[in-house]
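Each chain, written out:
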Amino acid sequence: MNLLIIEPEIKGHFISLYVRRVIKSFKNKDIKILILTSKEILSHESLKILRAEKIDFELHFMDELDYPTNKSFFNLVNFQIKNYHKIKKSFEEVFRKRQVDHVFLTSFEHFDKILSLFGSPFRDIPFSGIMVNPRHHHYYIGFTSDFFKDFVNNFLLKRLIANDKLNKVFTNDELFQKYIVKRYNKFHKKFLYFTEPVKLKKKYSNLQAKKKLNISKNFFIIMVYGALRESKSIIELIELVSKTKNNEIKIVLAGEQNDNIKKQLSNSFVKNLIKRGKIIVYDKFISTKKESVLFSAADALWCVYKDTPLGSSGVFFLANDAKLPIITNKHGLVGYYNKNYSLGPILDVDNNFQKSCEIIENLALKDSIYYSFIKNHIKFGNKISKHQKFSELISKNIK
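Quantities reported herein were computed from a predicted structural model and do not represent experimental measurements.

Asks: Could you clarify how one ought to interpret the sheet that holds strand S10 (residues 279-282) in this entry?
Replies: Whenever strands of a sheet pair, they do so through backbone hydrogen bonds, lying parallel or antiparallel. An order of S10-S9-S8-S11-S12 is seen for the five strands of this open sheet, with the pairing classed as parallel. With one partner strand each, in any of the chains shown, S10 and strand S12 (326-327) form the two edges of the open sheet. When strand S8 (residues 220-225) meets strand S11 (residues 300-302), the two strands line up parallel, connected through two bridges. Within S11, the position partnered with Met 223 by the bridge is Leu 301. Each of S8, S11 and S12 is contacted by helix H13 (residues 314-322), which is oriented at about 175 degrees to S11, the strand it contacts most.

As structure tokens, then:
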């Protein structure tokens, strides 16, 4: 079998996490792996991560996605239409050169709405993929009150899952999977739930890791990790920490910054905080080795998403592997997990800034509440470990 994996982007964790895990699932099997992605991968750290698996794969390239600066409804629809045609054109180029027996999408998000309307761009070839951040269930479970958006999302979802060439949909959103079983029972076997396939390569003591990074053992480190963009409330964290009375609370920003974040971090106020060592910046793709050191050195993970009630988060599950208290708001799946399992403090920065400052200061004391969050992470980790592993699901269901 020839499996074509499509991942248009190399930033974030999709290449290093999902593509790597998919190809790893077929190690020592008679399957040829083709990867369709951005040409940028040739000079990116993620290619080293894939090659480290010592599995043969063949690279093919496609045009990069052009994200709209103004995320109006019209612009987002136009974005998905363009993506649909880019992916279709690139698929045809691969198809002319190589036999393709199955297509695997590491994310439907780039063009899922248009895919539902236009049909499969992959001829009559079976396709599967991951729904990383589904929103179809948000109205049903109370994450949003927008009935019209819910109606449209579910109309399009019905069309997508009725496509007879759609083989399997893998989702990392536990609540979405439950929703599918309840509302779309006829098609529920097409959907498979997995927990994020993340694990730290190595674990160090907090003191060891801080020493490796030349960070004082007395500092309380709040880390923002991964692809750094506005939705991670980075500026809000900086404002909070700058107002705290505890000078030993520091911020680590670890990961590739998008252009807007670069611009926001370049103002004189933030630059002064960086100069004073209040903020420590690693503006680059983080290797798995460095990732282990950073998560071991951190004392808490900032996981406050805004603008959209997000679904699952690989960074959140890395924090669980590190038994690291997380700081969240009440929104989305991460907020749901925190409310139900008490994995860290829950903030309402927009409506209660001063209270949020106090919560951060209290967390930095590392008292009994701090350690209760760690114990709860252990319990939560035991719960999710019972789910079938991502690699097992892939190897059993992609045929």
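Structure's up, so let's keep going.
Asks: Which parts of the structure should I look at to understand a positive patch on the surface?
Replies: Where like charges cluster on the molecular surface, the positive patch consists of Lys 201, Lys 202, Lys 212 and Lys 289. Mapped onto the elements, Lys 202 comes out in the loop between strand S7 (191-193) and helix H8 (206-212). Among the residues examined, Lys 202 registers a relative accessible area of 48% and is labelled partly exposed.

Asks: Got a minute to help me understand helix H6 (residues 147-161) in this structure?
Replies: Residues spaced three or four apart along an α-helix face the same direction, because each turn holds 3.6 residues. For H6, which comprises 15 residues, the first-to-last C-alpha distance of 21 Å matches the rise-based estimate of 21 Å (1.5 Å per residue) to within 8%. Turning to H6, its buried residues are Asp 150, Asn 153, Asn 154, Leu 156, Leu 157, Leu 160 and Ile 161. The buried residues of H6 occupy an angular sector of 165 degrees when projected down its axis, which confines them to one face. In H6, those exposed residues whose orientation departs by more than 90 degrees from the buried face are Phe 148 and Phe 151. With a side-chain oxygen positioned 3.3 Å from the backbone nitrogen of Phe 148, the residue opening H6 is Asp 146.

Asks: Teacher, can you tell me more about the packing of aromatic side chains here?
Replies: Think of a pair of aromatic rings as described by two things: how far the centres are apart, and how the planes are tilted against each other in angle. For the structure on display, the rule yields 25 aromatic pairs. With a centroid separation of 5.9 Å and an interplanar angle of 75 degrees, the aromatic rings of Phe 176 and Phe 191 are classed as edge-to-face. Here the residue Phe 176 occupies a position in helix H7 (residues 174-183), and Phe 191 occupies one in strand S7, the gap between them amounting to 15 residues. Across the pair, Phe 191 and Phe 176 agree in class, each one buried. Each member of the aromatic cluster is reached from another via a ring pair, and the members are Phe 316, Phe 317, Tyr 336, Tyr 337, Tyr 341 and Phe 380.

Asks: Help me out: how do you make sense of the environment of Lys 278 in this one?
Replies: Tracing the sequence through the fold places Lys 278 in the loop between helix H11 (268-275) and S10. The class for Lys 278 is buried, based on a relative accessible area of 7%. The residues contacting Lys 278, other than those within four sequence positions of it, are Val 241, Asn 246, Asn 247, Ile 249, Lys 250, Ile 251 and Leu 273. Polar contacts involving the side chain of Lys 278 include one to the main-chain carbonyl oxygen of Asn 246, which spans 3.4 Å.

Calculation rules
- Residues numbered from 1 in each chain as written.
- Predicted model: local features only at pLDDT ≥ 70, side-chain atom pairs only at ≥ 80, totals over all residues.
- Heavy atoms only, no water.
- Pairing = 2+ DSSP bridges.
- Helix = DSSP H or I, 4+ residues; strand = E, 2+ residues; numbered from the N terminus.
- Contact = heavy atoms within 4.5 Å.
- Axes fitted to C-alpha atoms, helices over the stretch in contact; angles between N-to-C directions.
- Patch = residues over 30% accessible without salt bridge, like charges linked within 9 Å, V, L, I, M, F, W, Y side chains within 5 Å.
- Areas by Shrake-Rupley, 256 points an atom, 1.4 Å probe, with all protein chains shown as cover.
- Salt bridge = Lys/Arg side-chain N within 4 Å of Asp/Glu carboxyl O.
- Lys, Arg positive; Asp, Glu negative; His and termini not counted.
- Charge placed at Lys NZ, Arg CZ, Asp CG, Glu CD.
- Buried < 20%, exposed > 50% of the residue type's maximum accessible area, 1.4 Å probe, protein only.
- Expected span 1.5 Å × (residues − 1).
- Arc of directions from axis to C-beta.
- Polar contact = N/O pair within 3.5 Å; in protein donor to acceptor, adjacent residues only side chain to side chain.
- Phe/Tyr/Trp six-rings, centres within 6.5 Å; stacked < 30°, edge-to-face > 60°.

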